[in-house]
Structures are given as C-alpha cells and as structure tokens.
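Examining the three-dimensional arrangement
Residue strings, one per chain:
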Amino acid sequence: MKPLDPRLMRYAAAARRYIATTTVTGALTALLVIAQAYLIAHAISPVITGTAAASTVRPAIAALAGVVAARALVLYVQESRAHRAATDVTTDLRRQVLQRAATLGPRWRAVHGADTATLLTRGLDDLEPYFTRYLPQLLLAATVTPATGLVLLTQDLPSAIAVACTIPLIPIFMILIGRLTQTHSEARLRTMERLGSQLLDLLAGLPTLKALGRQAGPARRVRELGRAYNATTMSTLRVAFLSGAVLEFITTLSVAIVAVEVGFRLLYGRMDLATGLLVIMITPEVYQPLRQVGFQFHASANGVAAAEAVFAVLEEPAPTPGTTPAPDLCTSRIEFEQVSVAARGAWAPADLTATIRPGRVVALTGASGAGKTTTAGLLLGLLPPDRGRVRVVTAADSGVDLADVASASWWEQITWVPQRPVIVPGTLLENVLGQSLTDADTPAPADAGGHAPADAVPVPPALADAAAATGFDEVVAGLPAGWHTRVGQGGVGLSVGQRQRLALTRALVTDAPLVLLDEPTAHLDAASQARVLDAVAALRAAGRTVVVIAHRAALVSLADDVIEVTSRPATGDVLVPEASHAGPSDAATGDTDPDTDPMDMLVFSGGDR
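Cut-off values and rules
- All chains use their own residue numbering, which begins from 1 and follows the written sequence.
- Given that the model is predicted, a residue must reach a pLDDT of at least 70 before its local features are reported, and side-chain atom pairs must reach 80 or more before they are shown or counted; all residues, however, enter totals for whole chains, interfaces and linings.
- With hydrogens and water stripped out, all remaining heavy atoms of the structure feed into the side-chain values.
- Working definition: helices are DSSP H or I runs of at least four residues, strands are E runs of at least two. Numbering for both runs from the N terminus.
- Burial here depends on accessible area, computed with a 1.4 Å probe over protein chains only, as a share of the maximum for the residue type. Under 20% is buried, over 50% is exposed, and the range in between is partly exposed.
- For two strands to pair, DSSP has to find at least two bridges joining them.
- Axes here mean lines fitted to C-alpha atoms, for a helix over just the part in contact, with angles spanning 0 to 180 degrees between N-to-C directions.
- Note on definitions: a residue-residue contact is assigned when non-hydrogen atoms from the two residues lie within 4.5 Å.
- One speaks of a salt bridge when a side-chain nitrogen belonging to Lys or Arg is within 4 Å of a carboxyl oxygen belonging to Asp or Glu.
- Side-chain atoms within 4.5 Å link the members of a nonpolar core, which is a set of buried Ala, Val, Leu, Ile, Met, Phe, Trp, Tyr and Cys residues.
- Under the convention used throughout, the expected extent of a helix is 1.5 Å for every residue step, that is, one less than its residue count.
- Regarding the arc, it is the one traced by the directions from the helix axis to the C-beta atoms.
- Per-residue confidence from the predictor is reported as pLDDT, a score between 0 and 100.
- Polar contacts here mean pairs of N or O atoms no more than 3.5 Å apart (in protein, one a potential hydrogen donor and the other a potential acceptor; neighbouring residues in sequence count only if both atoms are side-chain atoms).
- For this classification, under 35 degrees means roughly parallel, over 145 means roughly antiparallel, 65 to 115 means roughly perpendicular, and everything else is oblique.
- Put simply, Ala, Val, Leu, Ile, Met, Phe, Trp, Tyr, Cys and Pro go in the nonpolar bin, Asp, Glu, Lys and Arg in the charged bin, and everything else, Gly too, in the polar bin.

Topic: unusual backbone geometry
Omega for the bond connecting Ala-348 with Pro-349 falls within 30 degrees of zero, at 0 degrees, which places this linkage in the cis form. When you line up the elements, Pro-349 lands in the loop between strand S2 (346–347) and strand S3 (352–356). Even without a glycine there, the phi angle at Asp-351 is positive, about 50 degrees. Asp-351 gets classed as partly exposed once you look at its relative accessible area, which sits at 35%. Phi at Glu-519 takes a positive value of approximately 45 degrees, unusual for a residue other than glycine. Mapped onto the elements of the fold, Glu-519 is located in the loop between strand S10 (514–518) and helix H16 (526–541). Assessed through its relative accessible area of 4%, Glu-519 is described here as buried.

Okay, here's the thing in structure tokens:
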C-alpha cells in the first residue's frame, strides 16, 4: 500500500473528508509554527542584548500566547477528526467487505470466510494508528517541512544548505527500514489469519471432536500458531524500536550540525541573535514531521497490511447481477439445460437436464458428492453454472436466463430451509415472523417464572395452523411461555428435531411459492420424520412448489418427480480454474457440508436478508 493509497480515497468517503481537513490543519500548523518561532526569537533577543526593555515586548508575548492557543486548538481538531475518521473508515470498509463477500458467493466464502472474519475484526482495528498517527504526520511533512525549509532559505542560506544535505538521509533510511517492517507486518497478519481460521474451524467442529474423544489434538496446533504469532509480533516490535532509534539519531545529529555552525557564527559576530534563535527553533521543525512519519509508520504497518487485504477482497471480480424482474413462480417452471459445475477435478452436477414444475414436490437424489447442494445453490441463484444454463419459463412459454434475473425479486419468492436452520437469539415468535413484527408489536419478555407476559402479542391463526401441520404446536404447548419462549444462538434450548420443525413452520407460514429443503429428515427419529413428511405434504396441498434434497426412501416416495443428480470426472475436459468458484463443492466435501450452505445469503421468510 502506498503512503496515501488512492484506493483508500475511492472506497471510503470519510477518508476523503479527513484528508481535506488534515490538509487544512497541516497548512495552519505550518503557519503557526513559523509564527511561534518568529515571535519567540524577536521577543527574547532584544531583552538579552539589552536593546529593549521587557515591557516593550509584551505585545509579542501576548501574540505568542495567542499562537500557542491556536496551535492547541488546531491539534485538538486534528486529533478528534482523526479518531472519528478512523472509526468511520473502518466501519465503511467492514460494510463493503461484507457486501462483497456476500456477492462473491458461498464457494468463495467457504475458502476465505475464516480469513475474512479475522480481517473484519482484529485486522481492521489496526487501521486506527494509520489515521490517528501516521497520516497526519505524512500531511504535515508535505506542509510544515517545505514551509519551514523556505523560512530557513530566506533567513540563513548556510543553515538551509546544511539541512538540504542531511534531510535526504531520513527518507533513505525510512525506505530501507520500511521494507523490512512491511515484511514483518504481512507475516504477522498471515499468522493471525491462520490462527483465526484454526480457531473458528476448531469451534465449529468441537462437538464432533469431543464425541470422538479427539478434542485435545487440535489444541497443540493452536498453541503452536499462538507462539508463532507472538514471535512474529515481537520481531515486528524489535524492528520498530530499532528503526525509531536510528531515525532519532539521524535527526538529532542533523539538528546538532546546524546548532553548532549557528553557535560559532554567533560567537564570531557573523549572525544576529534573533536570526540565530529563529534558525535554531525552526530547524527541528523541518525534521520533526519526517521523523514522525518514519516512527509512526511502524505503528500503522499492521493496519496498512490489513487495508491491502481489504482491497484484495473488494477488487475480487464478482458476477454481474441481473436486472430482469423474476417471473411469478406460482405459474412458471424452472429448467436445467445441460448444467455442469466444475468441482475440483470433476463435474458435479454433470450435464443436468431437468424441469421443476409449479405446485409439485421434486426430490433431488444421488450419491453423496454428486452435486445436490450445488444444484440447490444454482436454483437459489447463488452459483453460476460453468456449462449450460438455468431458465425460468412462464406459462406463456417466454423464458429468461436465471443469471439475468434480479436477485432481490427472485429471493422474495423462495423459502430456504437448510439442514441446520439459522435461529437467532430471541423468542420463537420473533424467529418465525421475523421482520413482520413491528416495534409496536414486539412482545415483552417472559416473566421470571418463564410464563408469557400479560400483554403478549396474539399468535396469528396462520401461524397456529402451520405449527399444527408440522407438529411444532406440541413443542410450544410444553413450554411455559409458549411462543414467547426465548432461545439462544442456533436454537439453544430446542432439540435438533424441534429446530427442524420450527424451520418448517417458518416455511409454511410464508407465502413464498418455492420452498427448498436440504435433507429435512436428516438426524431425525421416526416420529420427527413423520412430522416433517406431513409438513411437506401440507406445502404441496397449499399449492407450493417444493424442492427437497433427499436420501431417505420415505421422503423420496412422497415426491411427485425425482431428479437424479450425477457427477463425473473431468477427464479430458478443461475445468474452470478453482479460483473462479473459490471454495469446495459438495463433490469434494459432501452435500451436507455446512460451510457450503447458501443459507448465509438468505433468511427464511419473505425473502428478507
């Protein structure tokens, strides 16, 4: 990243405003520094030489007090704007990275999700020193250093020549040390991302590891990464401290050279005291911004490395979004025409040709890894096919490519129920109705005994009917607060079968014409499976189109149409480079891999995201 990267200005409007403000305050600082040195020199020198009484310099002292107060005010404005800009820019970049990650699709997130999570948390926090320490000094170096150098040139040519000869040493050492620091900072960020990825992966799989008695094994790897991160951080700090000492030495030596030659000239009467004092006070101000730029670069190097990672995400090519309004799925059919998706040395699915007709239950079957979850991603519009196309054909036989359909209008007509439904902390009613609960209708929390509040929002009849169809009414009846019972993240407080029933109830209560279910009977007992089958039948009875990824025979037998999804090796074919998908497909990792779950893009009622 350059000292003032144009990409930062392009992606963050707050950065542009901050640069303009800092430029103005930098110019004011330059003027105030010169004025302060001039007033001090011309207020002190007459008194020391005895050419003026102390009373005659009172106006200069008063003016000096005003200049000092003005410098304090400018510094306050600069510091306050710096912290505010750092917060605004960090927030803006986080928002843009999240939006771009959503646009890049589930496969990209499957590979880069953990690294991006680390970047958005710890990584971007390191950008604050860049705005609060480094960038102000960089702009001061562009304003104060030239202005004070010009004063030296007009007041004392020999001192200006001495400064001109020594000042290039600072940027030369800054470049040499900066390259070394950048290497250490990039290594630190990579180590932090690896550590974050390992921890996130460990936490996600901890229940499975504990069930197998293998929870202690990954801990050793995490400890090794932690030690590597500590070693990299300490190495970066050592470089920062040593480079700071080098810059301090060069600056001190340069100022000392000017001070010595001014002292000798004062001693031999070749310079008046006022000019000598002015030169001695101005000279450190010439070096100060450059020295601070070099010193603060190390404090901001980690943030600069994080910004580079942010730009890499934002500049990742994304699919072009469609603009055509989605046809009505109540009457339109969906056609797969020779659809294939590249998946690590194979096509999964391979040459899929099928039709999904409205109002029918369609089962996607096939071996594990054949591409059923990928087919669901294609149907949701989250993945583009590498070969073939997916078309939406209306009752009038006018078709449109799904890639050309606007995502928002498409998702409004789809309800997606994954194997592991996303359940947010809150009441059951909030999880089912979602944003349809207005602020005025938001129920009060249950009382201390867990019972529903007296002014609880009544349950809509449509929700009661949907719960009866899925059997979730029995679950609600056994809870003290009923629909106002609070659950934790992921549905903590409910069993796996109850969570599945909650998700199906959510699907039933919406009016989305297309319902997509990913193995809804997985991990359920016979009683819970029967309830799920009843819910699927209820969806069909309501005229909804149901596409279900199915392995169990009972679910397949319920379907009106069965689509066999197959894969094949890519022998002799030229696959699309893996980076174009940026993630493992179900051909490589299995259909039920939650990391490839398109649920990240959707919420389950009304198409809300």
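Quick look at the sheet that holds strand S1 (residues 333–340)
Read across the open sheet, the 4 strands follow the order S3-S1-S5-S6; overall the sheet is antiparallel. In this open sheet, the two strands that pair with only one neighbour each are S3 and strand S6 (399–401). For this sheet, the mean inter-axis angle between neighbouring strands, taken without regard to orientation, is 15 degrees. As paired elements, S1 and S3 share 4 bridges and run antiparallel to each other. Residue pairing across strands places Glu-335 opposite Thr-355, the latter belonging to S3. Running over the sheet, helix H10 (residues 372–380) touches S1 and S3 and is turned about 125 degrees from S1.

Structural notes on the pattern of salt bridges
Here the structure, examined in full by the defined rule, presents 15 salt bridges. Between Arg-10 and Glu-315 there is a salt bridge; the shortest N-O distance is 3.9 Å. On the criterion of sequence distance, the pair formed by Arg-10 in helix H1 (residues 6–11) and Glu-315 in the loop between helix H9 (273–314) and S1 is long-range, its members being 305 residues apart. One salt bridge in this structure joins Arg-391 and Glu-335, with 3.3 Å as the shortest N-O distance. With Arg-391 in strand S5 (residues 387–393) and Glu-335 in strand S1, this residue pair connects regions lying 56 residues apart in the sequence. What makes Glu-335 buried here is its relative accessible area of 15%. By sharing partners, the salt bridges in this structure join Arg-333, Glu-335, Glu-337, Arg-389 and Arg-391 into a single network.

Re the nonpolar core
Across soluble globular proteins, nonpolar side chains show a tendency to be buried alongside one another. Core analysis: the biggest nonpolar cluster contains 57 residues, and Leu-8, Val-89, Leu-93, Leu-127, Tyr-130 and Phe-131 have the highest contact counts within it. For this core, the element with the highest residue contribution is H9, accounting for 15 residues. Core analysis: the next-biggest nonpolar cluster, separate from the first, contains 33 residues, Val-362, Ala-370, Leu-514 and Val-565 among them.

Considering the sheet that holds S10
Spatially, S7-S10-S11-S4-S12 is the arrangement adopted by the 5 strands of the open sheet, whose pairing is parallel. Looking at the sheet topology across the chains shown, the edges are occupied by strand S7 (414–417) and strand S12 (561–564). The sheet shows a mean angle of 15 degrees between the axes of neighbouring strands, direction not considered. Taken together, the 5 bridges between S10 and strand S11 (residues 545–549) define a ladder with parallel strand orientation. From the neighbouring strand, Leu-516 faces S11, where its bridge partner is Val-547. Packed on one face of the sheet, helix H15 (residues 496–509) meets S7 and S10 and runs near 175 degrees to S7.

A short note on H16
Here H16 is 16 residues long and its end C-alpha atoms lie 22 Å apart, about the 22 Å a rise of 1.5 Å per residue gives. Looking only at H16, the buried set comprises Ser-528, Gln-529, Val-532, Leu-533, Ala-535, Val-536 and Leu-539. Projection of H16 onto a plane perpendicular to its axis shows the buried side chains occupying an angular sector of 155 degrees, all on one side. Those residues of H16 that are exposed and angled more than 90 degrees off the buried face are Ala-526, Ala-527 and Ala-541. Gly-543 lies just past H16 and shows a positive phi near 85 degrees.

Details of the confidence of the model for the chain
For the chain, the mean per-residue pLDDT works out to 79, and 84% of the residues sit at or above 70. Throughout residues 438–443 the model reports pLDDT below 50, and contacts reaching past four residues in sequence, or to other chains, amount to 7 contacts. A low-confidence stretch, residues 576–609 (pLDDT under 50), is modelled with 100 contacts involving residues beyond four sequence positions or located in other chains.

Examining the environment of Glu-519
Expressed as a C-alpha distance, the spacing of Glu-519 and Val-417, which sit 102 residues apart in the sequence, is 9.0 Å. If sequence neighbours within four positions are ignored, Glu-519 has contacts with Gln-419, Ile-549, Ala-550, His-551 and Arg-552. From its side chain, Glu-519 meets the backbone nitrogen of His-551 in a polar contact 2.9 Å long.

Here we look at the packing of helix H13 (residues 461–470) against H16
Where H13 meets H16, the closest approach of the two axes is 7 Å, and the angle between their N-to-C directions is 130 degrees. Between H13 and H16, the angle falls in the class oblique. Counting all contacts with H13, which are made through Ala-468, Ala-469 and Thr-470, the residues of H16 involved are Arg-531, Asp-534, Ala-535 and Ala-538. Tallied by class, residues from the contact of H13 with H16 come to 4 nonpolar, 1 polar and 2 charged.

Focus: the pairing of strand S4 (residues 361–365)
Counted residue by residue, S4 has 5 buried out of 5 residues, so it is predominantly covered. Burial of the side chains of S4 extends over both faces: Val-361, Ala-363 and Thr-365 are buried on one face and Val-362 and Leu-364 on the other. As judged from the 4 bridges shared by S4 and S11, these two strands associate in the parallel manner. Among the inter-strand pairings, Ala-363 is bridged to a residue of S11, identified as Val-548. Across 4 bridges, the pairing between S4 and S12 is parallel.

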